[in-house]
Amino acid sequence: MAATGAVATDREVVRGKRAALFFAAVAIVLGLPLWWKTTETYRAPLPYSQISGLNALQLRLMVPVTVVFTRDSVPLDDQGKLPFTVVHEREIPLKYKMKIKCRFQKTYRRALDHEEEALLLGSVQEAEATLAQPNEQVEGSLTVYVISEHSSLLPQDMMSYIGPERTAVVRGVMHREALNIIGHRIIQVAQAMSLTEDVLAAALADHLPEDKWSSDKRRPLKSSLGYEITFSLLNPDPKSHDVHWDIEGAVRRYVQPFLNTLSAAGNFSVDSQILYYAMLGVNPRFDPASSSYYLSMHSLPHVINPVESRLGSSAASLYPVLNFLLYVPELAHSPLYIQDRDGAPVATNAFHSPRWGGIMVYNVDPKAYNVSEQPVRVEVDMVRVMEVFLAQLRLLFGIAHPQVPPKCLLSGPKSEGLMTWELDRLLWARSVENLATATTTLTSLAQLLGKISNIVIKDDVASEVYRAVAAVQKAAEELASGHLSSAFAASQEAVTSSERAFFDPSLLHLLYFPDDQKFAIYIPLFLPMAVPILLSLVKIFLETRKSWKKPEKID
Amino acid sequence: MAVSVPLAVLVLLSLGRVGWSHAEPPRDSFREELVITPLPSGDVAATFQFRTRWDSELQREGVSHYRLFPKALGQLISKYSLRELHLSFTQGFWRTRYWGPPFLQAPSGAELWVWFQDTVTDVDKSWKELSNVLSGIFCASLNFIDSTNTVTPTASFKPLGLANDTDHYFLRYAVLPREVVCTENLTPWKKLLPCSSKAGLSVLLKADRLFHTSYHSQAVHIRPICRNALCTSISWELRQTLSVVFDTFITGQGKKDWSLFRMFSRTLTEPCPLASESQVYVDITSYSQDKETLEVNPPPTTTYQDVILGTRKTYAVYDLLDTATINNSRNLNLQLKWKRPPENGYIHYQPAQDRQQPHLLEMLIQLPANSVTKVSIQFERALLKWTEYTPDPNHGFYVSPSVLSALVPSLVAAKPVDWEGSPLFNTLFPVSDGSSYFVRLYTEPLLVNLPTPDFSMPYNVICLTCTVVAVCYGSFYNLLTRTFHIEEPSTGGLAKRLANLIRRARGVPPL
């Protein structure tokens with residue numbers, strides 16, 4: 001009876017142990033993963049390796065150059081070698097993690113008959129007009145005509161000529177090394193017309209270390225899908241001045257043609273307003289010698305901020321705004337001049353602030369005050385104003401004056417104020433800038449995800465990231481094969497997608513969920529449940545060890 | 001905006017000089033108006049209206065050039081295809097019973113109602129975007145407008161302006177009663193005015209005065225109107241209105257007189273040169289029931305009589321564009337005096353400052369005989385900061401007793417007594433003559449129950465639930481893991497041992 005009782009008790013003990021072990025197993029096998037699964041932050045898979053690969057991306061910018069030789073431009077035996085292709089590649093030295101190489105792919109060929117005829121004409125402009133078929137030229141490509149050494153097409157002392165479209169003319173030479181010499185000249189011209197180091201450096205100004213480029217380079221406007229241009233007439237003294245400006249006509253005549261040529265780089269919208277009682281933030285100083293007032297250069301940064309609150313943010317779109325202010329100084333402070341560093345008045349009486357816009361001071365003709373009645377009616381000379389504003393607009397977009405090689409003739413500007421190859425150069429720079437921005441955004445997102453575990457990545461955010469990565473790669477490929485317009489479009493898509501992913505509000509949903517609150521909620525449940533399991537596990541462990549030690553002792 | 005570079009290099013542009021097309025007459029005009037109304041209760045209402053009218057088809061023109069009409073609102077009209085927009089921010093409530101009918105009333109908080117053009121396809125999306133943009137422009141929480149507080153009324157809120165058809169599908173209406181109106185809403189509103197706050201009537205709009213009022217309501221109304229009598233084309237009208245009610249009893253030490261300077265702490269100095277009309281109207285209709293007459297200073301040159309809101313009113317008119325109005329004394333400080341001063345009374349009220357100073361209200365009242373006078377004060381229950389609650393917040397919070405000090409006429413004329421010689425109990429309060437005596441009475445302290453939040457409720461719920469779960473789980477666990485076996489009934493327990501001990505002590509063999 002006692003033995004059966006002991007056996008039964010033993011069986012009970014074993015059953016109890018098994019039950020405890022089963023509990024522990026269920027808690028560990030089922031409970032823990034369930035808890036983990038239900039409380040984890042959702043994160044769709046992202047192409048981390050591809051994103052880190054973007055940092056080491058090599059950008060190869062290819063500029064297709066067609067070189068056309070006329071009959072007497074090079075020695076005959078050199079002409080016999082035509083047509084053939086030469087590639088000239090050069091790394092652009094920038095302190096940037098992306099390696100940027102510039103590659104000129106020169107296709108040498110003989111001139112066709114109609115080209116020969118055109119280049120025999122009297123002047124460059126006529127020749128150009130005959131040759132011009134701008135539709136045939138792809139964005140970013142160049143055509144260089146090599147003319148005979150003694151051609152009268154160019155002035156005798158000039159070696160080359162850069163046209164307003166995508167064409168250039170280079171004087172040939174009769175020499176044993178003719179092709180080498182000409183090739184060198186062509187590269188010089190092509191560099192001036194396409195990519196130079198400082199253009200790219202200005203485009204990448206945000207991503208380069210501060211020391212080299214920041215202070216002296218004028219930083220152009222950041223690349224964006226579109227831009228808003230606002231012209232504001234500031235009239236701080238409507239009691240004395242009744243200012244009128246024909247802004248509608250001026251925009252139609254001068255601004256719109258310029259923007260139409262620039263339309264490849266983004267959408268533009270133009271509006272204007274008149275602000276009364278809008279003061280500058282700085283009191284001008286009086287100069288007794290000329291009995292005029294002046295704003296010194298160091299006070300110019302303080303001019304903008306008080307005015308800006310009146311300008312009104314653009315409510316209707318998210319594009320960056322470029323402000324152009326025409327300031328008609330109040331009667332008590334006129335005439336008003338802007339002084340440069342040396343104290344001399346600036347000829348245009350205007351200044352610009354990078355990435356913001358420009359301000360021009362427009363002094364009222366003193367003769368107008370002879371009329372006794374106030375306010376004086378002032379008609380603004382829009383030609384003078386628009387010359388300044390368009391020049392500032394070019395600077396703000398980073399369309400700098402080209403570095404012309406020696407002995408090179410630069411054609412006069414086109415009526416729109418922008419040469420075709422300048423637009424190409426802008427598109428190169430913008431594409432590279434867009435790629436750099438997109439890469440930085442994607443890399444920061446990847447870093448952030450590694451650092452903060454609470455960020456949620458939804459499927460649509462993940463698909464934006466994939467799209468951005470694909471667009472960056474596509475843009476790099478298109479750049480390498482010389483398709484500028486499609487590369488620019490892809491780079492814009494890359495920026496848009498990457499920023500949409502980075503700034504998606506769903507990333508922040510679980511960000512502010514501190515750990516101590518989590519523990520405060522878990523402990524009341526987990527502690528009473530875990531303690532019995534742990535205790536019985538310890539007990540089982542101790543008993544097992546005891547039962548292992550016992551047989552040893554017997555031995 | 002750290003760097004500014006003077007522009008030295010000019011790119012020569014081949015810009016041809018083109019002759020000037022002669023400037024057409026200004027297509028926009030601006031009118032401003034201030035109406036000051038002394039209210040029956042003794043308060044003073046001031047209503048500003050600024051009206052900008054623009055003869056332009058905003059929605060058809062690609063490039064927009066703005067002069068007097070603010071660009072920010074103009075862009076909204078064209079981008080969201082608005083037909084009408086009415087937005088008001090109000091603090092306080094217009095008390096029609098004491099103040100009479102208002103020119104335009106608005107609900108407390110923010111109210112927005114918009115009619116869209118019938119070309120808009122997705123009205124709800126436009127409405128959402130519009131409210132977000134407006135919240136940015138006016139620094140208000142209009143972005144909290146969503147489908148839960150938006151309605152489409154079908155009978156009221158007809159378009160106020162020109163409208164061909166009224167399909168209510170294009171109307172949206174929302175009110176945010178919680179919106180608190182403050183300086184940050186007024187500043188952007190002032191920026192929309194052509195003269196900003198530099199000249200004209202807008203000089204008076206000083207924020208620290210406008211918000212120390214019983215009622216403050218500012219609004220923006222945009223609507224299309226007929227350009228001419230035949231209504232061949234439309235113009236856009238922007239009306240900015242602002243109504244305030246000043247409590248002159250508080251600011252004027254119990255007097256009902258007021259002046260522009262006392263109300264706004266500014267005076268009118270110059271007209272806005274852009275305004276085609278700039279006028280101040282003062283309601284000088286005498287209230288016959290009070291038999292009081294008003295005196296306005298300086299005396300008005302013209303008066304204006306009309307039936308406004310059902311009653312005949314007389315207004316004194318001051319035209320700021322008339323040079324004589326301001327030139328006399330370089331500024332215009334309108335003053336109004338009541339000829340018969342109000343009853344001899346004294347009220348001193350010192351408002352409380354949060355956590356620094358309590359309210360103090362002193363009134364000198366002459367009570368009629370055999371009457372009951374009730375003084376009641378309204379108060380609002382507010383939540384304290386959670387650290388400020390006493391350990392027993394449900395006990396309530398004490399409000400100190402009120403004090404009544406009175407000179408009560410004596411029934412029996414007392415003899416003037418010798419101050420030093422009389423008993424001490426009789427000479428605590430000095431009494432001037434024997435006909436009255438002084439009493440000071442105190443009321444009971446008031447115990448007010450403030451709302452007390454349950455600070456730990458969510459955590460308690462979690463803890464309780466977890467405990468229940470843990471207890472169930474624990475007993476279940478014990479039931480399953482513990483081994484149970486029948487204990488042999490032992491031959492004796494504690495009692496037996498105790499008995500043996502006693503037995504041993506007695507020298508008796510144990511059990």
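Since we're looking at a predicted model, the values are computed, not measured. (Residues numbered from 1 in each chain as written. Chains lettered and ligands numbered in written order. Predicted model: local features only at pLDDT ≥ 70, side-chain atom pairs only at ≥ 80, totals over all residues. Heavy atoms only, no water.)

Quick look at the sheet that holds strand β15 (residues 311–319) of chain B
All names here are of chain B.
Right, on to step 1. Pairing is mixed in the open sheet, where 11 strands are placed in the order β7-β8-β6-β5-β9-β10-β3-β2-β12-β15-β14. Two strands bound the open sheet, and with one partner strand each, they are β7 (150–151) and β14 (302–308).
Right, on to step 2. Bridge count for strand β5 (residues 82–91) against strand β9 (residues 215–226) is 7 bridges, and the pairing is antiparallel. Among the inter-strand pairings, Q91 is bridged to a residue of β9, identified as H216.
Right, on to step 3. Taken strand by strand, helix α3 (residues 123–138) contacts β5, β6 (109–116), β7, β8 (171–176) and β9, and its axis lies near 135° from that of β6.
Right, on to step 4. Sheet strands touched by helix α4 (residues 183–191): β3 (44–54), β9 and β10 (234–246). Its angle to β9, the strand with the most contacts, is close to 30°. (Pairing = 2+ DSSP bridges. Helix = DSSP H or I, 4+ residues; strand = E, 2+ residues; numbered from the N terminus. Contact = heavy atoms within 4.5 Å. Axes fitted to C-alpha atoms, helices over the stretch in contact; angles between N-to-C directions.)

Some details on the state of the cysteines
All names here are of chain B.
Right, on to step 1. Counted under the stated rule, the structure contains 2 disulfides over all chains.
Right, on to step 2. Each sulfur of the disulfide joining C195 and C272 lies 1.8 Å from the other. A torsion of 75° about the S-S bond marks the disulfide between C195 and C272 as right-handed. Taken as a pair, C195 in the loop between α4 and α5 (207–210) and C272 in the loop between α7 (260–264) and β12 (277–283) lie far apart in primary sequence, 77 residues in all. (Disulfide = S-S within 2.5 Å.)

Regarding the UniProt feature "transmembrane region" (unreviewed entry) in chain A
Residue and element names in this part refer to chain A.
Right, on to step 1. As annotated by UniProt and renumbered to match this structure, "transmembrane region" (unreviewed entry) occupies residues 19–36 and 519–542.
Right, on to step 2. Here residues 19–36 is 100% helix and 0% strand, with 24 Å between the C-alpha atoms at its ends.
Right, on to step 3. When the span residues 519–542 is considered, its composition is 100% helix and 0% strand, and the gap between its end C-alpha atoms is 31 Å. (UniProt positions renumbered as here; feature names shortened; annotations may be inferred.)

Re the environment of R425 of chain A
Residue and element names in this part refer to chain A.
Right, on to step 1. Its location among the elements puts R425 in helix α12 (residues 420–451).
Right, on to step 2. When the C-alpha atoms of R425 and I399 are compared, they prove to be 8.3 Å apart, with 26 residues separating the residues in sequence.
Right, on to step 3. If we ignore the near neighbours within four places in the chain, the residues touching R425 are A192, M193, S194, V199, A400 and P402.

Quick look at the sheet that holds strand β11 (residues 258–259) of chain B
Residues and elements named next belong to chain B.
Right, on to step 1. Here we have 3 strands laid out as an open sheet, ordered β11-β16-β13, and antiparallel in their pairing. Of all strands in the sheet, those bounded by a partner on one side alone are β11 and β13 (294–297).
Right, on to step 2. Bridge analysis of β11 against strand β16 (residues 335–338) gives 2 bridges, and the strand direction is antiparallel. Counterpart to W258 in the pairing with β16 is L336.

A look at unusual backbone geometry
Residue and element names in this part refer to chain A.
Right, on to step 1. Note that the residue after S334, namely P335, is joined by a cis bond; omega there is 0°.
Right, on to step 2. Examined against the element boundaries, P335 turns out to sit in the loop between β12 (321–327) and β13 (336–338).
Right, on to step 3. Positive phi outside glycine occurs at S291, with the angle close to 45°.
Right, on to step 4. When you line up the elements, S291 lands in the loop between β10 (285–287) and β11 (292–295).

As for the environment of R384 of chain A
All names here are of chain A.
Right, on to step 1. Note that R384 resides in helix α11 (residues 382–396).
Right, on to step 2. Along the primary structure R384 and T348 are separated by 36 residues, whereas in three dimensions their C-alpha atoms are 8.9 Å apart.
Right, on to step 3. With residues near it in sequence (within four places) discarded, R384 still touches M360 and Y362.

Here's the deal with helix α5 (residues 124–131) of chain A
Residue and element names in this part refer to chain A.
Right, on to step 1. Of the positions making up α5, those classed as buried are V124, A127, E128 and L131. Axial view of α5: buried residues confined to an arc of 100°, hence all on one face. Looking at α5, the residues exposed on the side facing more than 90 degrees away from the buried face are Q125 and A129.
Right, on to step 2. Check the buried side of α5 and you find it contacts α4 (113–119), β4 (142–147), β5 (160–162) and β6 (167–171). (Buried < 20%, exposed > 50% of the residue type's maximum accessible area, 1.4 Å probe, protein only. Arc of directions from axis to C-beta.)

Here's the deal with the nonpolar core
Right, on to step 1. With 202 residues, the main nonpolar core has F231 of chain A together with I36 and V282 of chain B as its most contacted residues.
Right, on to step 2. No other element matches α12 of chain A, which puts 13 residues into this core.
Right, on to step 3. Each of domain 2 (61–202) and domain 3 (226–397) of chain A contributes no fewer than three residues to this core.
Right, on to step 4. When near neighbours in sequence (up to four residues on either side) are disregarded, I36 of chain B contacts V44, A45, A46, W258, L260, M263, V280, Y281, V282, D283 and L334 of chain B. (Core = buried A, V, L, I, M, F, W, Y, C linked by side-chain atoms within 4.5 Å. Domains from an automatic or database assignment.)

Quick notes on the environment of I186 of chain A
All names here are of chain A.
Right, on to step 1. Inspection of the secondary structure assignment puts I186 in helix α6 (residues 178–193).
Right, on to step 2. For I186, a relative accessible area of 0% corresponds to the buried category.
Right, on to step 3. As a C-alpha pair, I186 and P532 span 346 residues in sequence and 86 Å in three-dimensional space.
Right, on to step 4. When residues no more than four places from it in sequence are discounted, the contact partners of I186 are V65, V67, K106, V144, V146 and V170.

As for the UniProt feature "transmembrane region" (unreviewed entry) in chain B
Right, on to step 1. Listed under "transmembrane region" (unreviewed entry) in the UniProt record, and renumbered for this structure, are residues 459–480 of chain B.
Right, on to step 2. With 100% helix and 0% strand, the stretch residues 459–480 of chain B has end C-alpha atoms that lie 31 Å from each other.

Describing the packing of helix α9 (residues 247–262) of chain A against α11 of chain A
Residues and elements named next belong to chain A.
Right, on to step 1. The geometry of α9 relative to α11 is characterised by a closest axis approach of 11 Å and an angle of 30° between their N-to-C directions. Judged on the interaxial angle alone, α11 and α9 are roughly parallel. As α9 runs across α11, the sense of the crossing is right-handed. Between α9, through I247, A250, Y254, V255, F258 and L259, and α11, the contact on the second element is made entirely by M382, V383, M386, L390, L393 and R394.
Right, on to step 2. In the contact of α9 with α11, the residues fall into 11 nonpolar, no polar and 1 charged. (Parallel < 35°, antiparallel > 145°, perpendicular 65-115°, else oblique. Left-handed = near helix turned anticlockwise from the far one by under 90°. Nonpolar A, V, L, I, M, F, W, Y, C, P; charged D, E, K, R; others polar.)

Observations concerning the pattern of salt bridges
Residue and element names in this part refer to chain B.
Right, on to step 1. Evaluated as defined, the whole model comprises 23 salt bridges over all chains.
Right, on to step 2. For R31, the salt bridge goes to E277, with nearest N and O atoms at 3.2 Å. Pair noted here: R31 is in strand β2 (residues 28–38) and E277 is in strand β12, with a separation of 246 residues, a long-range link.
Right, on to step 3. Assessed through its relative accessible area of 23%, E277 is described here as partly exposed.
Right, on to step 4. Between R53 and D55 there is a salt bridge; the shortest N-O distance is 3.2 Å.
Right, on to step 5. The buried category is assigned to R53, whose relative accessible area is 18%.
Right, on to step 6. Within this structure, R51, R223, E237 and R239 form a network of salt bridges that share partners. (Salt bridge = Lys/Arg side-chain N within 4 Å of Asp/Glu carboxyl O.)

Overview of the packing of aromatic side chains
Aromatic rings in a pair are described by how distant their centres are and how their planes are angled relative to each other.
All names here are of chain B.
Right, on to step 1. What the rule picks out here adds up to 33 aromatic pairs over all chains.
Right, on to step 2. Taken together, a centroid distance of 6.4 Å and an interplanar angle of 65° make the contact between W99 and Y215 edge-to-face. Residue W99 is located in helix α2 (residues 96–99), and its partner Y215 is located in strand β9; the two are separated by 116 residues in the primary sequence. Note on accessibility: W99 and Y215 belong to one class, buried.
Right, on to step 3. Chaining the aromatic ring pairs together yields one cluster made of F30, F48, F50, W189, F246 and F264.
Right, on to step 4. Taking the ring centre of Y169 as reference, the NZ or CZ of R172 above it sits at 5.7 Å. (Phe/Tyr/Trp six-rings, centres within 6.5 Å; stacked < 30°, edge-to-face > 60°. Lys NZ or Arg CZ within 6 Å of the ring centre and 35° of its normal.)

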